[in-house]
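The chain contents come next:
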Amino acid sequence: MTPPKMSAKAVEISKRSQSEGGGPLRSAAPSSWNEELERAHQLLDGGQSRLAEERLRRLIQASGDESLQAQARCLLSLALEMQGRYREALEAVRIYEVPSKRAALTPETNIAVRVRIGLAYNQLGDHPKAIALLQATLREIGEDGSAYQLGLTYSALARVYRSINENSISHDYAERALAHLRRTGDWRGLAETYLGIAVTDTLEGNYEMALENFQHALDLIGDRPALFTLGKIYANMAGAYWFLKRPQDGIRCLEKAIGYYERTEHKANAALGYNNLGINLILLGDWKRAQEALERALELALSTDRHTAQVPMILDSLGELATLRGDHRQAQDYLERAVRLATEHGNKWYIGQARRTLGRLYLAMGQARRAIEEGRIALALAESISDRQAIRDAHLLLAEAHLDCGHLDECNNYLQTVSETTSNSAAELANIGEAQRIYGILALAQADHALAAHHFGRSVSIFEMLGDRYRSALAHYWLGRTYANSHPERAIEHLSLAAKTFRELGARPLIERSEEALRGLGQPISESKPEPSALAQILTLRLTEAVASRELLLRELAAIIHQEANSRFVVLLEQDRDDKERYHLGAAQSNRKDLPNLVVAEWNSLGREARERWMQEHDVSLFTLRPTHAPQVLLLVSPAITDALPNGLALYPLLRVVELGLDVCALRERTQTGFSSNLAASPTDQSLMPGFIHSSPAMMRLIEEVHKIRSSDVTVLITGESGTGKELVARAIHQLSSRRTKVFIPFNCTAVPKELAEAYLFGYRRGAFTGAIADSPGVIRTAAGGTLFLDEVGDLPLDVQPKLLRFLQEGEIQPLGDQRPTKIDVRIIAATNTDLERLVAEGRFREDLYYRLNVIRLCVPPLRERRSEIPAIVTYYLNHYSSRFGRRDIQITPQAMDLLMVYDWPGNVRQLCNEIQRIVARAEDGTIITPDHLSPEVRRKAIPLQTANPTISAPTPGMTLADALTTLEKRMIVDALRRHRGNISRTARELGLTRRGLYLKMERYGLDVERIAAHDA
């Protein structure tokens, strides 16, 4: 994990604290405590929990404010929890269990400490007490409580119920938490809640949905340095990919997670990442790397705590790998240790997992009865925790064990149970593939070779699609065994492929069995073939069961035709989305690995007539699949076939089944990508300030101030950042005043050259200066009787400021070239986004003018301080620009809204308005706005890792705090320089330094900016 990106100021404060002997922060002003708390939170984000603990303990000693102390204790409890010190985590906040100790706390802090106490009890395993405390907190808050309080409490309840496997309840509370946290724009809370929902989805088997929620958690974090959370997300994300049998994606996630975790103090998390990496590498067949990863996982786990729950899990993975290799004695040692340690720890899931793997070992050793014993224990454990995946795995183990014992009916019963509880979802394909293999062995035992061949064929298709080399080779082995008597040439093909794969993997027992089967192919050939009607039923069932995914369905069709027609190649072509005349490979079966790609390239290079000649020359037949709701698919078969396969089986009924299957896949995909978005209507129509959207406390206070001055004509100074809507506030003041029937004139003091500012403001007579060919009244006289809005008044030239002051004092102006002053009745409203007090101190703005303007001062809060208004603003501008550009039915997903809520909006409402305008202008009718539609700066991605094996890791034992901070500061500077490609100004701005300060630090650490930038390039 990348170290936390503390600001340079935070690093300096840490150094200063240590130079004072590590004692309390004696001289910090109370206003800096919140900054100190935020810095501690950033350390926790980065996984530096021990540094955060040290800082927080000093802060608790130094602060006299009870609420700030309580907030620090909450963070201290979190830091201790991250270190696995759960009892101490409770002790850090336990004093607040007594109501009198919470009496002096602010309402928000009161709820925060109670939630933290509940979570601490949850970590200690006292789930009933945790639930009781949190439910009591929820009752005290009531439904009228703040969004922060409700979001925090609902999120905690979701976490507790997830701990006791009440996933549906957990999911419900998490959704409630999201509804409230969205109103706060709290990116940490939103990201953690989406992470929790994704974990719940994974536990419930909703792996695709889990991946969507993991990704959204990553999007919410963006480029913020929440590196510990990023590690958690990627590690859990890899688990979802593993259940989906997408090991390559899982490996990429795990490498990212490990890269984060290895750079933190939390080695147990890195051990978990290495274990999952090993599991994925086993699936891919890279057993050497898998062994290295698992040994590294065990080393890390034992270095943190020999009795941690992770040790049996890693031993189980090592035992599985040893079983596949045929190292049965070593496998048994690993797995018996895993069972013993898991039993000592009391985790039923780990016990059941180790028992199932031990049962598979006994099967490999030929001890089927012992496998049945282990399978029954594992099944009971799985049922006790209601783990559907574990229950299916136990049933499959028992089915194969009973089959080895000759108990065919018991085997069939267990397989039937698996079939009834397994859906055709992509997540359960591995279970389907294993069940098909065992069904095939059962059919062989019943002497039904045709049925066995189709079960094994389906198992081959599934595991090849999943990329599981071992199980794919195992299915090829059994398919070869099935063809040994009837089709020896096919048997040789499958057995040779199986033997080659087993040799590459190093699976010794199966190498011997495959080679022995190849040597035994000299037996007499049986010509028995199934009836076409029975074969048609088997193939139709095989295709029907393959609708779990479009890819699997096409693979099955190719495999069936190749198998039954003994084809040279079968190629399925899918149309490109962007170019309907070009095609890409959908699925293929061929005697040569490179032939399908050559066919695709040749097809795309030819015109329509040339394609017909090419098919005649190469003996190819063409069939077109035209599903109703999915793109068409071309089927090319060589040697050419007509409307029937060589065995007399009609082809078109099979193609019709595939067309219907493609429709099912397409409709399922559309359903899964649906959304719901119920955004509140814009409150502008009921607004107390015309044209102004408001609902936050900060804006309500501003509106109250505006209404207080609606009957007076006093001068108003509006301050606020650029884009906050200062002109809208000025217009609202004008509309509520007695001058609302008169003119409102806005004038931007930076929009005209400085030398012409006086002429534009006060007017001039003809001939007053060169180019003055006619009289000009000026904007002040133009606004007579109404309101003049002076925007960016801080940029008004110094030589013009006295004249404006005189106008404010006397109510009269003297245009250039005029001999007498003129009385003008105009109300002045000024606005600025600069610090006028600083300009006065620097002599760049007149003090007397400042006091004249600053009669009534209104401050417009930035958008990041009133995030609850963002949904209403978005809805308003969606409707506004949809009407303007003639668009209809444009909606936004909650995930896109989440990103808008957590973005800091440096350009405020103006930037948000432009964002919505850009999206709507480029949209079509019925567009659903997703995160992909947002601009890159809003949809900022998580910070990338620079290297897979980082050179700077967590503080090592014996390293002083000063050394750790020096290492951290150097790393921050290097990372920032790389991000900004060596740009000193941008780097200094990000780190909170001056350019000179940055140069001094670079010189101290011997950093060469050109070398750093070149390395990044």
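About the thresholds
- Residues numbered from 1 in each chain as written.
- Predicted model: local features only at pLDDT ≥ 70, side-chain atom pairs only at ≥ 80, totals over all residues.
- Heavy atoms only, no water.
- Helix = DSSP H or I, 4+ residues; strand = E, 2+ residues; numbered from the N terminus.
- Buried < 20%, exposed > 50% of the residue type's maximum accessible area, 1.4 Å probe, protein only.
- Contact = heavy atoms within 4.5 Å.
- Areas by Shrake-Rupley, 256 points an atom, 1.4 Å probe, with all protein chains shown as cover.
- Pairing = 2+ DSSP bridges.
- Axes fitted to C-alpha atoms, helices over the stretch in contact; angles between N-to-C directions.
- Phe/Tyr/Trp six-rings, centres within 6.5 Å; stacked < 30°, edge-to-face > 60°.
- Lys NZ or Arg CZ within 6 Å of the ring centre and 35° of its normal.
- Parallel < 35°, antiparallel > 145°, perpendicular 65-115°, else oblique.
- Left-handed = near helix turned anticlockwise from the far one by under 90°.
- Nonpolar A, V, L, I, M, F, W, Y, C, P; charged D, E, K, R; others polar.
- Arc of directions from axis to C-beta.
- Core = buried A, V, L, I, M, F, W, Y, C linked by side-chain atoms within 4.5 Å.
- 1 Å grid on protein atoms, 1.4 Å probe; cavity = no way out; pocket = protein on both sides within 12 Å on 5 of 7 lines; lining within 4 Å.
- Points joined across faces, edges and corners; volume = space filled by probe spheres on them.
- Domains from an automatic or database assignment.
- UniProt positions renumbered as here; feature names shortened; annotations may be inferred.
- pLDDT = per-residue confidence, 0-100.

**Things to note about the overall build of the chain**
Regarding its fold elements, the chain presents 45 helices and 13 strands. Per-residue burial for the chain yields a buried fraction of 54% across its 1017 residues. When contacts within the chain are restricted to residue pairs at least 6 apart in sequence, long-range pairs at least 24 apart make up 65% of them. As displayed, the chain offers around 45,300 Å² of accessible surface, 49% of which is attributable to carbon and sulfur atoms.

**Some words on the sheet that holds strand β3 (residues 621-625)**
One open sheet holds the four strands; their spatial order is β2-β1-β4-β3, and the pairing between them is antiparallel. Strand pairing shows two members of the sheet lacking a second neighbour, β2 (583-590) and β3, which therefore form its edges. Direction aside, neighbouring strands of the sheet carry axes that sit 20° apart on average. Packed onto the sheet, helix α29 (residues 595-605) meets β1 (569-575), β2, β3 and β4 (633-638) and runs at close to 145° relative to β2.

**Overview of the packing of aromatic side chains**
Using the criterion set out here, one finds 16 aromatic pairs in the structure. Each ring, one from Y161 and one from Y173, has its centre 5.7 Å from the other, and the planes form 20°; the classification is stacked. Residue Y161 is found in helix α8 (residues 147-163), and its partner Y173 is found in helix α9 (residues 167-184); the two are separated by 12 residues along the sequence. For the pair formed by Y161 and Y173, the shared burial category is buried. Among the aromatic residues, ring-to-ring pairing joins Y876, Y877, Y881 and F885 into one connected group. Note that R490 overlies the ring of Y483, its terminal NZ or CZ placed 5.4 Å from the centroid.

**Here we look at the packing of helix α22 (residues 429-445) against helix α24 (residues 469-483)**
Two packed helices can be described by the angle between their axes and the distance between those axes. Packing of α22 against α24 leaves a shortest axis separation of 11 Å and a crossing angle of 20°. When the axis of α22 is compared with that of α24, the two are roughly parallel. Of the two possible hands of crossing, α22 and α24 adopt the one that is left-handed. Contacts between α22 and α24 pair E434, R437, I441 and L444 from the former with R471, L474, W478 and T482 from the latter. In terms of residue class, the contact of α22 with α24 is made up of four nonpolar, one polar and three charged.

**So, helix α30 (residues 608-617)**
Within the sequence span of α30, burial applies to A610, R611, W614 and M615. The buried residues of α30 occupy one face: seen down the axis, they fall within an arc of 140°. In α30, those exposed residues whose orientation departs by more than 90 degrees from the buried face are E609, Q616 and E617. Just beyond α30, the residue with positive phi is D619, at close to 55°.

**Observations concerning helix α5 (residues 86-93)**
Among the residues making up α5, those that are buried are A89, L90, A92 and V93. Taken end-on, α5 shows its buried residues confined to a sector of 155°, consistent with a single buried face. On its buried face, α5 is in contact with α4 (66-82) and α6 (107-123).

**Re the environment of R376**
Within the secondary structure, R376 sits in helix α19 (residues 368-384). Taking the C-alpha atoms as reference, R376 lies 9.2 Å from R356; in sequence the two are 20 residues apart. Residues contacting R376, with those up to four places away along its chain left out, are L398 and H402.

**Examining the side chain of N167**
Among the secondary structure elements, N167 is positioned in helix α9. On the accessibility criterion, N167 (11% relative accessible area) is buried. Ignoring anything within four residues of it in the chain, the contact list for N167 reads R162, T200, L203 and E204.

**Some remarks on the pairing of strand β5 (residues 716-719)**
Every second residue of β5 is oriented toward a common face, with V716 and I718 on one face and L717 and T719 on the other, all of them buried. With four bridges connecting them, β5 and strand β10 (residues 827-832) associate as parallel partners. The partner of L717 across the bridge, within β10, is A830.

**Brief notes about the nonpolar core**
Nonpolar side chains tend toward joint burial in soluble globular proteins. Ranked by size, the top nonpolar core spans 191 residues in total, and within it F214, L415, Y470, F502, I870, V874 and L900 carry the most contacts. When residues no more than four places from it in sequence are discounted, the contact partners of Y470 are W287, L324, F502, L505, A507 and L510. Within the second largest apolar cluster, 32 residues are counted, among which are V800, F807, V826 and L853.

**Quick notes on the pairing of β3**
Only one face of β3 is covered, namely the one carrying S621, F623 and L625; the face carrying L622 and T624 has none of its residues buried. As paired elements, β3 and β4 share five bridges and run antiparallel to each other. Across the sheet, the residue bridging to L622 is L636, located in β4.

**Observations concerning the layout of surface pockets**
Volume-wise, the second largest pocket comes out at about 1,300 Å³. In terms of lining residues, the second largest pocket is bounded by 38 residues, among which E464, H476, L497, Q589 and S590 are the most central. Elements with a minimum of two residues in the lining of the second largest pocket: α23 (449-466), α24, α25 (488-505), α28 (550-565), β2 and α29. Broken down by element, the residue count for the lining of the second largest pocket peaks at seven residues, all from α25. In terms of residue class, the lining of the second largest pocket is built from 11 nonpolar, 15 polar and 12 charged. Among the domains, domain 2 (422-520) and domain 3 (567-669) are the pair contributing at least three residues each to the lining of the second largest pocket.

**A closer look at the UniProt feature "repeat: TPR" (unreviewed entry) in the chain**
Mapped onto this structure's residue numbering, the UniProt feature "repeat: TPR" (unreviewed entry) falls at residues 191-224, 271-304 and 312-345. End-to-end, the C-alpha atoms of residues 312-345 are 9 Å apart, and along that stretch the chain is 94% helix and 0% strand.

**Focus on the confidence of the model for the chain**
Predicted coordinates in regions of low pLDDT should not be interpreted in detail. Taken residue by residue, the chain gives an average pLDDT of 82. The fraction at 70 or more is 86%. In the model of the chain, helix α1 (residues 8-19) stands out as the element of lowest mean pLDDT, 30, in contrast to β10, which has the highest, 94. Scored below 50 in pLDDT, residues 942-957 shows 35 contacts in the model against residues more than four places distant or in partner chains.

**Structural notes on the sheet that holds strand β7 (residues 787-791)**
Read from one edge of the open sheet, five strands run β6-β7-β10-β5-β11, paired in parallel fashion. Whereas interior strands pair on both sides, the edge strands pair on one side only; in this sheet they are β6 (744-748) and β11 (856-859). Going from strand to strand, the sheet's axes swing by 20° on average, the running direction of each strand aside. As judged from the four bridges shared by β5 and β11, these two strands associate in the parallel manner. Paired with V716 across the bridge in β11 is I856.

**Topic: the environment of Y760**
Relative to the assigned elements, Y760 resides in helix α34 (residues 757-762). By relative accessible area, which is 41% here, Y760 ends up partly exposed. Residues contacting Y760, with those up to four places away along its chain left out, are F747, V752, G778 and V779.

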